[in-house]
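# Understanding the architecture of this molecule
Here are the chains, one letter per residue:
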Amino acid sequence: GRAAARRLRQSDLASGWGIRTRSARSARYDPRSYQNGAVWPQDTAIAAAGMARYGDRDGAARTIREMLDAATAFPDYRLPELYGGDARRRGRPPVPYPVACSPQAWSAAAAFLCVRTMLGLEVAPDGGTVTFDPLLPEGVDRFEARALRVGGGTIDLRIERVGERVRVSDVQASGVRVIAR
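A few points on the structure. Please read these numbers as outputs of a predicted model, since none were measured by experiment.

Note on placement: Gln 42 falls in helix 2 (residues 41-53). According to the relative accessible area criterion, Gln 42 is buried, its value standing at 12%. Excluding its chain neighbours within four sequence positions, the residues that come into contact with Gln 42 are Glu 81, Trp 106, Ser 107 and Ala 110.

Here it is in structure tokens:
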């Protein structure tokens, strides 16, 4: 787990806009190839969630930050199905993939997985207990969720950066037990 998380953050896989589908060191690498070097938001969100799960919270936060930055380059902040895996360069946006679908369901779902990862959200199998162990990407100092439905309950919460630490600063729950780490 941790070794894979560290590997995904190396520059041949982490483009600066997300995680490439193939290493830039590969003989078949092409940053504009559908499966040989492009960045897929859903794969990048899954990689960020795995990084957090296996202890590389900084890597997860950096990966989510890259996706947030990429989203600003697309109309309505809508991440397309995929985009070029070219290395990030100052002043240049990610390279659009010419026939990428936008909207695309799995790319839209990537945003929700990133939110779950930022919240550090874990739900007990019975839905009665929810645990939050939050992280925030650089430049995001506060995140709020309102009327988050979990099991038979709802939760309002705020996570904030306080110095170097990220913590749950306010939580209101109804019908569910909350543990904040």
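That shown, we press on.
Taken in spatial order, the three strands make up an open sheet running 3-4-5, and their pairing is antiparallel. Pairing within the sheet leaves two strands with one partner each, and these edge strands are strand 3 (142-150) and strand 5 (165-174). Ignoring which end each strand starts from, the neighbouring axes of this sheet average 15° apart. The strands that helix 4 (residues 105-119) touches are strand 3 and strand 4 (153-162); relative to strand 3, the one it contacts most, it runs at about 105°.

Turning our eyes to something else, we now look at the environment of Gly 120. Relative to the helices and strands, Gly 120 resides in the loop between helix 4 and strand 1 (122-123). With a relative accessible area of 16%, Gly 120 lands in the buried category. Here Gly 120 is in contact with Thr 131, Phe 132, Asp 133 and Pro 134, once residues within four sequence places are set aside.

In terms of nonpolar packing, the biggest core is built from 23 residues, with Met 51, Ile 64, Met 67, Leu 79, Tyr 83 and Leu 135 touching the most fellow members. Put simply, the parts of the chain that give this core at least two residues each are helix 2, helix 3 (57-71) and helix 4. Of the residues forming this core, the biggest block, six residues, is contributed by helix 3. Aside from chain neighbours lying at most four places away, what touches Leu 135 is Ala 52, Arg 57, Ala 60, Ala 61, Ile 64, Thr 117, Met 118, Ile 159 and Val 166. Ranked by size, the runner-up nonpolar core spans 14 residues in total, among them Leu 121, Leu 136, Val 140 and Ile 155.

Attention now goes to the sheet that holds strand 1. Note: strands within a sheet are paired through backbone hydrogen bonds, in either parallel or antiparallel orientation. Taken together, the three strands give an open sheet; going across it, the order is 1-2-6, and neighbouring strands pair in mixed fashion. Edge positions in the open sheet fall to strand 1 and strand 6 (177-180), since each of these has one partner strand only. Bridge analysis of strand 2 (residues 129-132) against strand 6 gives four bridges, and the strand direction is parallel. Across the sheet, the residue bridging to Thr 129 is Arg 177, located in strand 6.

So, how was this worked out
Residues numbered from 1 in each chain as written. Predicted model: local features only at pLDDT ≥ 70, side-chain atom pairs only at ≥ 80, totals over all residues. Heavy atoms only, no water. Helix = DSSP H or I, 4+ residues; strand = E, 2+ residues; numbered from the N terminus. Buried < 20%, exposed > 50% of the residue type's maximum accessible area, 1.4 Å probe, protein only. Contact = heavy atoms within 4.5 Å. Pairing = 2+ DSSP bridges. Axes fitted to C-alpha atoms, helices over the stretch in contact; angles between N-to-C directions. Core = buried A, V, L, I, M, F, W, Y, C linked by side-chain atoms within 4.5 Å.

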